[in-house]
Amino acid sequence: MHIARLIDRNGSLHEQALRLVHDPDHPFPVLSAKFKLTWQCNLACTMCNIWRSARRGLGVPGLDPDRIRQALTDLHGQGLKKVHFSGGEVLMYPHFREVVDQARSLDLQVNLTTNGTLLTKELVRFFIERRVHTVTVSLDGPDSRLHDRIRGVKGAFKAALNGIALLRARRARKGRGPKLAVNTVVSRATIDRLDDMHRLLLSLEADAWRILPIDTEDPELRPTRDQWDRMFERIPDWQPLLSRLPLDWSSERSGLRAEDGKYAGVFYGSRICYAPWFNLFVDADGKIYPCCTGKRDMTPYANLHARTIEEALASAERREIAYTMASGHPFPVCDCCDDFLEENTAFHALTHPEEHS
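Here the structure is a predicted model, which means the values were calculated and not measured.

**Student:** Can you explain the environment of S250? Please cite residues and give values.
**Tutor:** Note on placement: S250 falls in the loop between β7 (242-244) and α11 (254-259). You can call S250 partly exposed: its relative accessible area is 47%. The sequence separation of S250 and R319 amounts to 69 residues, and the corresponding C-alpha distance is 30 Å. Residue contacts for S250: discarding those within four places in its chain leaves V266 and R271. Within the structure, the side chain of S250 is placed 2.9 Å from the side chain of D248, a separation counted as a polar contact.

This is the structure:
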């Protein structure tokens with residue numbers, strides 16, 4: 001489900017979107033939400049600190065399933081159309097099937113991201129029976145040597161491919177099933193292997209591919225400007241499998257900024273982010289933000305374990321973030337965000353048609 005297209009095709013949403021910049025308090029439905037159900041993970045990815053914190057016992061084991069079910073019901077009343085479940089490793093969450101059942105009972109589009117190693121025949125059957133829309137598997141290298149080194153566990157690549165094979169086989173047998181998407185985190189060590197990744201995903205009959213720039217404070221792990229430049233020359237050859245660009249590429253300075261971890265490029269210099277209105281993110285501790293990147297720089301709206309969704313959406317913290325965005329002063333962390341660039345481009349086209357005529 002493409003949020004920007006949904007807004008463009010819905011006259012009422014279109015009119016509401018036009019008012020947000022000038023009236024940040026104007027009501028707008030929360031169309032999408034993401035829940036990190038748990039911090040627990042069975043892998044040990046080099047670029048990730050979640051598993052380290054989980055193994056040190058930091059944070060709660062995961063979200064309270066009753067709170068999630070109530071939150072989904074409340075968000076459905078706020079206009080929610082789709083929900084994304086992730087982790088940690090989402091399939092390690094003990095109440096995973098319960099929350100998927102609740103989401104589907106509300107007729108929400110359900111997407112999930114997994115490392116693929118825990119997929120079983122029973123889970124794949126469950127996905128098909130519940131009509132899960134998209135299963136995204138994380139693959140960071142085209143072979144076991146690279147992928148396992150990044151994921152920190154020997155055999156992770158083979159296990160993920162076995163999981164994908166189970167999904168493909170069941171989907172072929174039933175004639176329907178979840179879309180298969182693949183996320184690839186791009187670092188300095190992997191960016192030059194993307195042609196090989198593309199060939200692998202074609203052989204796996206993947207439906208979509210998302211290239212995600214590495215989220216790290218270590219400059220030695222981020223691709224160089226030259227690597228980004230070379231990568232963008234290859235993008236036409238990866239269509240239509242590649243479902244989104246990994247960063248803003250609207251300026252000659254985009255590659256230089258990406259080398260510095262500023263994946264939004266120059267996008268938010270004259271445009272705003274509409275995530276505080278149309279999106280919601282809940283981490284595995286229950287903290288609520290407009291997006292997952294906001295966790296690094298923003299005050300949470302509330303905690304799901306202590307307050308309801310309605311209270312969070314009406315909080316002074318959420319209002320402050322919305323007003324900050326509407327005034328054209330994004331948070332410093334927004335420069336590092338690669339999410340919602342496509343959606344915000346479409347929003348900007350709606351609200352500034354003179355720039356796109």
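From this point on, the discussion continues.
**Student:** Break down unusual backbone geometry for me, citing the residues and quoting the values.
**Tutor:** A cis amide bond links Q239 with the next residue in sequence, P240, at an omega value of 5°. In the Ramachandran plot, E205 falls in the positive-phi region, its phi being about 60° despite a non-glycine side chain. Within the secondary structure, E205 is located in the loop between α9 (194-203) and β6 (208-213).

**Student:** With reference to specific residues and values, describe the packing of helix α5 (residues 96-105) against helix α6 (residues 121-129).
**Tutor:** Viewed as axis vectors pointing N to C, α5 and α6 meet at an angle of 10°, and their least axial separation amounts to 11 Å. Looking at the two axes, α5 sits roughly parallel to α6. Two packed elements cross with a definite hand, and for α5 against α6 that hand is right-handed. Of the residues in α6, those touching α5 at F96, R97, V100 and D101 are E122, L123, F126 and F127. Considering only residue class, the contact of α5 with α6 consists of five nonpolar, no polar and three charged.

**Student:** I'd like a rundown of the environment of Y323, residues and numbers included.
**Tutor:** With respect to the helices and strands, Y323 occurs in helix α14 (residues 316-326). Assessed through its relative accessible area of 33%, Y323 is described here as partly exposed. Sequence separation between Y323 and P24 is 299 residues, and the spatial gap between their C-alpha atoms is 6.0 Å. When residues no more than four places from it in sequence are discounted, the contact partners of Y323 are P24 and D25.

**Student:** A description of the pattern of salt bridges should follow, citing residues and the corresponding values.
**Tutor:** The final tally for this structure, using the stated rule, is 26 salt bridges. In this structure, R210 engages D339 in a salt bridge whose closest nitrogen and oxygen atoms are separated by 3.8 Å. Of this pair, R210 sits in strand β6 while D339 sits in the loop between α14 and α15 (341-351), and the two are 129 residues apart along the sequence. You can call R210 partly exposed: its relative accessible area is 23%.

**Student:** Account for α5, with residues named and values stated.
**Tutor:** Looking only at α5, the buried set comprises F96, V99, V100, Q102 and A103. Across the axial projection of α5, the buried residues extend over an arc of 160°, all falling on one side. On its buried face, α5 sits against α4 (65-77), β2 (82-86), β3 (109-114) and α6. D107 sits one or two positions beyond α5 and adopts a positive phi of about 65°.

The rules behind these values
Residues numbered from 1 in each chain as written. Predicted model: local features only at pLDDT ≥ 70, side-chain atom pairs only at ≥ 80, totals over all residues. Heavy atoms only, no water. Helix = DSSP H or I, 4+ residues; strand = E, 2+ residues; numbered from the N terminus. Buried < 20%, exposed > 50% of the residue type's maximum accessible area, 1.4 Å probe, protein only. Contact = heavy atoms within 4.5 Å. Polar contact = N/O pair within 3.5 Å; in protein donor to acceptor, adjacent residues only side chain to side chain. Axes fitted to C-alpha atoms, helices over the stretch in contact; angles between N-to-C directions. Parallel < 35°, antiparallel > 145°, perpendicular 65-115°, else oblique. Left-handed = near helix turned anticlockwise from the far one by under 90°. Nonpolar A, V, L, I, M, F, W, Y, C, P; charged D, E, K, R; others polar. Salt bridge = Lys/Arg side-chain N within 4 Å of Asp/Glu carboxyl O. Arc of directions from axis to C-beta.

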